[in-house]
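Okay, here's what each chain looks like letter by letter:
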Amino acid sequence: MPTYRTEHDFLGEKQLSNDCYYGVQTLRAKENFDITGIPISNEPLFIKAFGYVKKAAAIANKELGVLDPKKADAIVYACDRLIKGEFVDQFISDLIQGGAGTSTNMNANEVIANVGLEHLGHKKGEYDYLHPNNDVNLSQSTNDAYPSAFRIALYLKIDAFADALEQLQKAFYNKGKELSTVLKMGRTQLQDAVPMTMGQEFNAFATTIGEDVLRLREAEKLITEVNMGATAIGTGVNAPAGYAELCVKHLAAISGIPVILAADLIEATYDTGAFVQLSGTLKRSAIKLSKICNDLRLLSSGPRCGLGEINLPPMQPGSSIMPGKVNPVIPEVVNQTCFYVIGADLTVTMAAEAGQLQLNVMEPVIGFSLFTSLEYITKACNTLREKCVVGITANAEFTKQQVMQSIGIVTQLNPIIGYEESAAIAKEALKTGKSVHDIAVKEKKLITQAKWDEIYSIDNLINPKFITQ
């Protein structure tokens, strides 16, 4: 039979199962915030980050002589277990919560305290020997511990997304090399423009993704500025002299992340500008990825009655009624993921704007939005690469025929016969269905066959040179 213990806070008493490492304040949060159904345990990197933060604080407090060494060592022991990934299931607070993250901070404090108590030979809840507030939260407030842990978790998730983007960029570059000699028609405003290669098209996809990797790394640097030691509003109340600098020094060493102490702790405690910039960077990436997926769906449309330039890997039957139909499901799912990220950016924007005076209490929804956006878009990049890009093939002969039959190739004649004459050829070709070649060479005899062959050689179409009469 399960056994129970009674814990209290200033609102009263609650019974908890002795299997639980969390305490009364976490239980209240569980009861109060049934919003997303997604608990903190869904973000193990956030829990790991709290392990880093609480460990750094305990070591700093011990070195400054304000925390008993035995208690400090027990806290460090518990934090190390969190950092290893243990007790994740004990973090039950909903990711979206009132209280500016106090429930999450107390969830960490209570779990660490109870793990530490068992290490010291005591029972869970015997807080006289190791207290969640007095010891684990010593020299801290939710208002510095929560955002600092949040930033560390974001840094770790940004790394994973940047890696996924770089791998996707590499996949597009590789596909560009593979398709470097495939001639096709470029298009502007969905109309025939001038020839290019499919390799150039895919290289451009890679380039635009690479730009976002750079922007992401810039946003990542902003995330490394933390306000540990600010405590409640940035004045450092209840923290000993030198604590902020020492705590952040240990935090950087423990986590391996180059965190630095903010220059103005009052400003840093309420400012969410770094989150807005990161969210904007994610939105930028999502917009670009969605545009690429739009292109992939267009280029693969058909297969007989669309553009039909490329073939996407067939992943599943596309219809419950139309036999043989295969849909571009991978670009479609990436599109939808990008729409979510773009929408989440508005949530972050509004939550950041909603800050008041010395604190922004909306950080939990900022956290939820950024965590989910990073998680989803990272998976989307990996899915697009693994299940789509690497398996794309080109219909090279078909695209070459399209180029030579296109009216758009008349543009190459401009330097020789002039824009007006070229426009007249285009108009006649469009009206009669005749080829540009037949009108320019055979009927109007504006250029010789030899000059035509020079202008419209595969090499010149791929790498255009300025050719005159």
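Structure shown above.
The present account deals with the structure reproduced in this document. (Residues numbered from 1 in each chain as written. Predicted model: local features only at pLDDT ≥ 70, side-chain atom pairs only at ≥ 80, totals over all residues. Heavy atoms only, no water.)

### Focus: the overall build of the protein
Then, in step 1: Helix and strand content of the protein: 18 helices and eight strands.
Then, in step 2: On C-alpha atoms alone, the protein measures out to a radius of gyration of 30 Å, which is more than a quarter above the 23 Å that the 2.2 N^0.38 rule sets for 469 residues.
Then, in step 3: Split into buried and exposed, the 469 residues of the protein put 50% on the buried side.
Then, in step 4: Surface summary for the protein: the accessible area is close to 21500 Å², and the carbon and sulfur share equals 54%.
Then, in step 5: Positive and negative charge centroids in the protein, built from 44 and 52 side chains respectively, lie 8 Å apart. (Helix = DSSP H or I, 4+ residues; strand = E, 2+ residues; numbered from the N terminus. Rg over C-alpha atoms; globule rule 2.2 N^0.38 Å. Buried < 20%, exposed > 50% of the residue type's maximum accessible area, 1.4 Å probe, protein only. Areas by Shrake-Rupley, 256 points an atom, 1.4 Å probe, with all protein chains shown as cover. Lys, Arg positive; Asp, Glu negative; His and termini not counted. Charge placed at Lys NZ, Arg CZ, Asp CG, Glu CD.)

### Quick word on the environment of Lys177
Then, in step 1: Here Lys177 is to be found in helix H6 (residues 142-178).
Then, in step 2: For the pair formed by Lys177 and Met198, sequence separation is 21 residues and the distance between their alpha carbons is 9.3 Å.

### Description of the packing of H6 against helix H12 (residues 363-387)
Then, in step 1: At a minimum axis separation of 9 Å, H6 and H12 run at an interaxial angle of 20°. When the interaxial angle is binned, H6 and H12 end up roughly parallel. In terms of crossing hand, the pair formed by H6 and H12 is left-handed.
Then, in step 2: Of the residues assigned to the contact of H6 with H12, the class counts are 20 nonpolar, four polar and four charged. (Axes fitted to C-alpha atoms, helices over the stretch in contact; angles between N-to-C directions. Parallel < 35°, antiparallel > 145°, perpendicular 65-115°, else oblique. Left-handed = near helix turned anticlockwise from the far one by under 90°. Nonpolar A, V, L, I, M, F, W, Y, C, P; charged D, E, K, R; others polar.)

### Description of the side chain of Arg5
Then, in step 1: Its place among the elements puts Arg5 in strand E1 (residues 4-9).
Then, in step 2: On the accessibility criterion, Arg5 (7% relative accessible area) is buried.
Then, in step 3: Within the structure, Arg5 has its side chain in polar contact with the backbone oxygen of Ser17 (distance 3.2 Å). (Polar contact = N/O pair within 3.5 Å; in protein donor to acceptor, adjacent residues only side chain to side chain.)

### A look at the pairing of strand E4 (residues 191-197)
Then, in step 1: Here five bridges tie strand E3 (residues 183-188) to E4, and the two strands are oriented antiparallel to one another. Considered in E4, the bridge of Met185 is made with Pro195.
Then, in step 2: Taken together, E3 and the strand that follows it, E4, pair antiparallel across an intervening segment of two residues, in which Gln189 is found at a positive phi of about 55°. (Pairing = 2+ DSSP bridges.)

### A closer look at the pairing of E1
Then, in step 1: Burial along E1 is one-sided: Arg5, Glu7 and Asp9 are buried, while Tyr4, Thr6 and His8, pointing the other way, are not.
Then, in step 2: The pairing of E1 with strand E2 (residues 12-17) spans six bridges and is antiparallel. Bridging across to E2, Arg5 finds its partner in Leu16.
Then, in step 3: Once E1 ends, the chain turns through two residues before running back antiparallel as E2.

### Things to note about the state of the cysteines
Then, in step 1: Under the defined criterion, the tally for this structure stands at zero disulfides.
Then, in step 2: Its sulfur unpaired, Cys388 is 7.1 Å from the next cysteine sulfur, which belongs to Cys293. (Disulfide = S-S within 2.5 Å.)

### Observations regarding the pattern of salt bridges
Then, in step 1: What the rule picks out here adds up to 30 salt bridges.
Then, in step 2: Put simply, Glu211 and Arg284 hold a salt bridge, and the shortest N to O gap is 3.8 Å. Taken together, the residues Glu211 in helix H7 (residues 198-223) and Arg284 in helix H10 (residues 273-299) connect sequence positions 73 residues apart.
Then, in step 3: Residues participating in the shared-partner salt-bridge network are Glu43, Lys157, Glu375 and Lys379. (Salt bridge = Lys/Arg side-chain N within 4 Å of Asp/Glu carboxyl O.)

### Quick notes on the side chain of Asn335
Then, in step 1: Relative to the assigned elements, Asn335 resides in helix H11 (residues 329-353).
Then, in step 2: In this view, Asn335 contacts Ser290, Cys293, Asn294 and Arg297; residues no more than four positions away in its chain are not counted. (Contact = heavy atoms within 4.5 Å.)

### A short note on the packing of aromatic side chains
Then, in step 1: Within this structure, the stated rule accounts for 14 aromatic pairs.
Then, in step 2: Ring centres of Tyr146 and Phe150 lie 6.4 Å apart, and the angle between their planes is 50°; on these two criteria the pair is classed as tilted. One end of the pair, Tyr146, and the other, Phe150, are both in helix H6, four residues apart, so they sit about a helical turn from each other. This pair shows no difference in class: Tyr146 is buried, exactly as Phe150 is.
Then, in step 3: Taken together, the ring pairs in this structure connect Phe46, Phe50, Tyr146, Phe150, Phe275 and Phe371 into an aromatic cluster.
Then, in step 4: The ring centre of Tyr21 lies 4.4 Å from the NZ or CZ of Lys124, which sits over that ring. (Phe/Tyr/Trp six-rings, centres within 6.5 Å; stacked < 30°, edge-to-face > 60°. Lys NZ or Arg CZ within 6 Å of the ring centre and 35° of its normal.)

### Regarding the environment of Gly408
Then, in step 1: Inspection of the secondary structure puts Gly408 in the loop between helix H13 (396-405) and helix H14 (414-417).
Then, in step 2: Judged by relative accessible area, which is 11%, Gly408 ranks as buried.

### Observations concerning unusual backbone geometry
Then, in step 1: That bond from Gly302 to Pro303 is cis: its omega, 10°, falls within 30 degrees of zero.
Then, in step 2: Residue placement: Pro303 occurs in the loop between H10 and strand E7 (310-311).
Then, in step 3: A positive phi angle, near 65°, is found at Phe87, a position not held by glycine.
Then, in step 4: As for its placement among the helices and strands, Phe87 is situated in the loop between helix H3 (69-83) and helix H4 (102-119).
Then, in step 5: Its identity is not glycine, yet Ser139 carries a phi of approximately 65°, on the positive side.
Then, in step 6: Tracing the backbone through its elements, the reader meets Ser139 in the loop between helix H5 (132-136) and H6.
Then, in step 7: According to the relative accessible area criterion, Ser139 is buried, its value standing at 4%.

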